[in-house]
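# Structural features, examined
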Number of protein chains: 2
Amino acid sequence: MADEQSLGLRERKKLDTRRALSDAALELMLERGLENIVREDIAARAGVSVRTYNNYFSSKFEALAYRQIERGLRAADLLRERPAEEPLWTAITEAVIAPYDADGASWGPPTPAILAEVRKLVTAPEMYAAFMRGTGDEFTAAVAARTGTAPTDLYPKLVAAAVNAAFIAATDVYVHADPPQIVTTILRRALTEVSRGLPDPRV
Amino acid sequence: MADEQSLGLRERKKLDTRRALSDAALELMLERGLENIVREDIAARAGVSVRTYNNYFSSKFEALAYRQIERGLRAADLLRERPAEEPLWTAITEAVIAPYDADGASWGPPTPAILAEVRKLVTAPEMYAAFMRGTGDEFTAAVAARTGTAPTDLYPKLVAAAVNAAFIAATDVYVHADPPQIVTTILRRALTEVSRGLPDPRV
């Protein structure tokens, strides 16, 4: 993903199929409920065979997690493209928020019915592993490139893990918010707090 | 764990058994290698039946993860006991480091052979889920109590997730360090960076 123009047509098509399958899984989840979707439905909705589906994902949770993973990959790309003179955490915040904006997540809060499905999804134990497998390294590499550190150093790993922490905490607040709130509002607040060093709110 | 004195004898005995099983699992891992231990060995080493073992853990990874989870629970207890006037991140850092010190992790770097086993352990995909299930809520509650926020607020969730991020990044650096380093040295550095808002190292 880091250098999209250098990807061959074949690789590009693979990414498109992966994204289409993940979108189909999410659509079906919102229509029928998380517990009522199986891989046969997802493959059919995306217009591919179950065999093709199995080449991309080994569980429905992986398919459902992929949209979020793909947002993380896009964020890493965008971070590499932000102006070099921009303060690091401004660049990080804009790079992380932009894929949500592009997906329409900032247009308004979700309906309670949609939020109930998303809440089931993100609190499923299977999701931790699915998320964890897909993220982190690309973002760490982008932070390292930007800050003149090595991807094996503590610093870029820590920044990537802190951004992930902001995502985890913001998602947790988002899926339990009553009334529903816009996810990017919470995420932006979380990233700002992290960049301020999470000062004690009493002080 | 939050109020140890109020725990009944029965509950206390359960925690002791859980800890003994986890210690036995870690001892055996270091002696024989991660891939060569099964639950029968762990139960025998701890002097309990396999049936008892199965009441506490559903996989060897859960047993191996528990020492770390238990350190997180101790850290949450210690955070509640730190002086109220102490700056938040000083209190957090001391509370997180103390259980490692108590377990002897600060005495010196591990041998390369021990580190190789620990590296296999923490990079096993099964470990993410095992860690994730056991941590977070107690620490979030302790931060909330200390900072006058609600455990459902963004702030305490974010602090707990950021501490977890520091642990994840520090562990990753620790298990790949060559020559081996003391884990608490790296962890303390990570927590300091987080409390400083992870400023760009170039600036």
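Residues numbered from 1 in each chain as written. Chains lettered and ligands numbered in written order. Predicted model: local features only at pLDDT ≥ 70, side-chain atom pairs only at ≥ 80, totals over all residues. Heavy atoms only, no water.

Chain A goes by HTH tetR-type domain-containing protein in an unreviewed UniProt entry, where it is assigned to Nocardia macrotermitis.

### As for the overall build of chain A
Helix and strand counts for chain A come out as ten helices and zero strands. The N-to-C order of helical and strand elements in chain A reads α-α-α-α-α-α-α-α-α-α. Compactness check: chain A gives a C-alpha radius of gyration of 18 Å against a globular reference of 17 Å for 203 residues, within 12% of the reference. Referenced to the eigenvectors of the C-alpha coordinate spread, the extents of chain A come out at roughly 50 × 45 × 30 Å. A total of 203 residues make up chain A; the buried ones form 48% of that total. In chain A, of all internal contacts separated by at least 6 residues, the share reaching a separation of at least 24 is 66%. Surface summary for chain A: the accessible area is close to 9800 Å², and the carbon and sulfur share equals 53%. Put simply, chain A has 25 plus and 28 minus side-chain charges, and the middle of one group is 3 Å from the middle of the other. (Helix = DSSP H or I, 4+ residues; strand = E, 2+ residues; numbered from the N terminus. Rg over C-alpha atoms; globule rule 2.2 N^0.38 Å. Buried < 20%, exposed > 50% of the residue type's maximum accessible area, 1.4 Å probe, protein only. Contact = heavy atoms within 4.5 Å. Areas by Shrake-Rupley, 256 points an atom, 1.4 Å probe, with all protein chains shown as cover. Lys, Arg positive; Asp, Glu negative; His and termini not counted. Charge placed at Lys NZ, Arg CZ, Asp CG, Glu CD.)

### A short note on the environment of Ala76(B)
Residues and elements named next belong to chain B. Relative to the assigned elements, Ala76 resides in helix α4 (residues 60-81). For Ala76, a relative accessible area of 1% corresponds to the buried category. Note: C-alpha distance between Ala76 and Thr149 (73 residues apart in sequence) is 16 Å. With residues up to four places along the chain from it excluded, the contact list for Ala76 reads Glu138, Phe139 and Ala142.

### Examining the interface of chain A and chain B
By a widely used convention, the size of an interface equals the accessible area lost when the partners come together. Each partner contributes to the interface: chain A provides 37 residues, whereas chain B provides 37 residues. Summed over both partners, the interface of chain A with chain B buries about 3000 Å², with 72% contributed by carbon and sulfur atoms. Its largest share of buried area at the contact with chain B, chain A owes to Leu154(A), Leu158(A) and Leu198(A), together 21% of the area lost on that side. Applying the counting criterion to the chain A and chain B interface returns two salt bridges. Across the salt bridge formed by Lys157(B) and Asp172(A), the nearest N and O atoms sit 2.8 Å from each other. Put simply, chain A and chain B have twelve residue pairs in polar contact (both at pLDDT 80 or more) between them. (Buried area = accessible area lost by both parts, 1.4 Å probe. Salt bridge = Lys/Arg side-chain N within 4 Å of Asp/Glu carboxyl O. Polar contact = N/O pair within 3.5 Å; in protein donor to acceptor, adjacent residues only side chain to side chain.)

### Digging into the pattern of salt bridges
For the coordinates displayed, the defined rule picks out 36 salt bridges over all chains. The salt bridge partner of Arg19(B) is Asp103(B), with a shortest N-O separation of 3.4 Å. On the criterion of sequence distance, the pair formed by Arg19(B) in helix α1 (residues 9-32) and Asp103(B) in the loop between α5 (88-102) and α6 (112-122) is long-range, its members being 84 residues apart. Arg19(B) gets classed as partly exposed once you look at its relative accessible area, which sits at 23%. With relative accessibility at 22%, the residue Asp103(B) sits in the partly exposed group. The partner of Asp23(B) in a salt bridge is Arg67(B), and the shortest N-O contact between them spans 3.5 Å. Highlighted residues: Asp23(B) in helix α1 and Arg67(B) in helix α4, separated in sequence by 44 residues. According to the relative accessible area criterion, Asp23(B) is partly exposed, its value standing at 22%. Taken together, the shared-partner salt bridges connect Arg19(A), Asp23(A), Arg67(A), Glu70(A), Arg71(A), Arg74(A) and Asp103(A) into one network.

### Details of the packing of α4(B) against helix α8 (residues 137-147) of chain B
Residue and element names in this part refer to chain B. At a closest axis distance of 8 Å, the pairing of α4 and α8 adopts a crossing angle of 10 degrees. Between α4 and α8, the angle is such that the two are roughly parallel. On α8, the residues touching Gly72, Leu73, Ala75, Ala76, Leu79 and Arg80 of α4 are Glu138, Phe139, Ala141, Ala142, Val143, Ala145 and Arg146. Grouping the amino acids of the contact of α4 with α8 by side-chain chemistry returns nine nonpolar, one polar and three charged. (Axes fitted to C-alpha atoms, helices over the stretch in contact; angles between N-to-C directions. Parallel < 35°, antiparallel > 145°, perpendicular 65-115°, else oblique. Nonpolar A, V, L, I, M, F, W, Y, C, P; charged D, E, K, R; others polar.)

### Quick look at unusual backbone geometry
Residue and element names in this part refer to chain A. At the junction of Asp178 and Pro179, the peptide bond is cis and its omega measures out at 0 degrees in the coordinates. For Pro179, the location among the structural elements is in the loop between α9 (154-176) and α10 (183-195). Phi is positive for Leu198, close to 50 degrees, though the residue is something other than glycine. Within the element layout of this structure, Leu198 appears in the segment after α10.

### Structural notes on the relation of the copies chain A and chain B
Overlaying chain A on chain B yields an RMSD of 0.0 Å, the required transformation being a rotation through 180 degrees with an accompanying axial translation of 0.0 Å. Put plainly, the chains are arranged around a two-fold axis. Within chain A, Gly197(A) has its C-alpha nearest the rotation axis, a separation of 1.8 Å. An overlap of 100% is found between the interface residues of chain A and their copies at the interface of chain B, pointing to a shared contact surface. (Least-squares fit on C-alpha atoms with pLDDT ≥ 70 in both.)

### Focus on helix α8 (residues 137-147) of chain A
Along α8(A), the residues classified as buried are Phe139(A), Thr140(A), Ala142(A), Val143(A), Ala144(A), Arg146(A) and Thr147(A). As for α8(A), its buried residues are in contact with α4 (60-81), α5 (88-102) and α9 of chain A.

### Examining the UniProt feature "DNA-binding region" (unreviewed entry) in chain A
UniProt's entry tags residues 38-57 of chain A with the feature "DNA-binding region" (unreviewed entry), counted in the numbering of this structure. As annotated, residues 38-57 of chain A has a helix share of 75% and a strand share of 0%, and its two end C-alpha atoms lie 12 Å apart. (UniProt positions renumbered as here; feature names shortened; annotations may be inferred.)

### What to know about the packing of α5(A) against α10(A)
All names here are of chain A. Axis separation between α5 and α10 bottoms out at 10 Å; the angle between their running directions is 165 degrees. It follows from the interaxial angle that α5 and α10 lie roughly antiparallel. As for the relative orientation of α5 and α10, their crossing is right-handed in sense. On the side of α5, the interface is formed by Trp89, Thr93, Glu94, Val96, Ile97, Tyr100 and Asp101, while α10 contributes Val183, Thr184, Leu187, Arg188, Leu191, Val194 and Ser195. (Left-handed = near helix turned anticlockwise from the far one by under 90°.)

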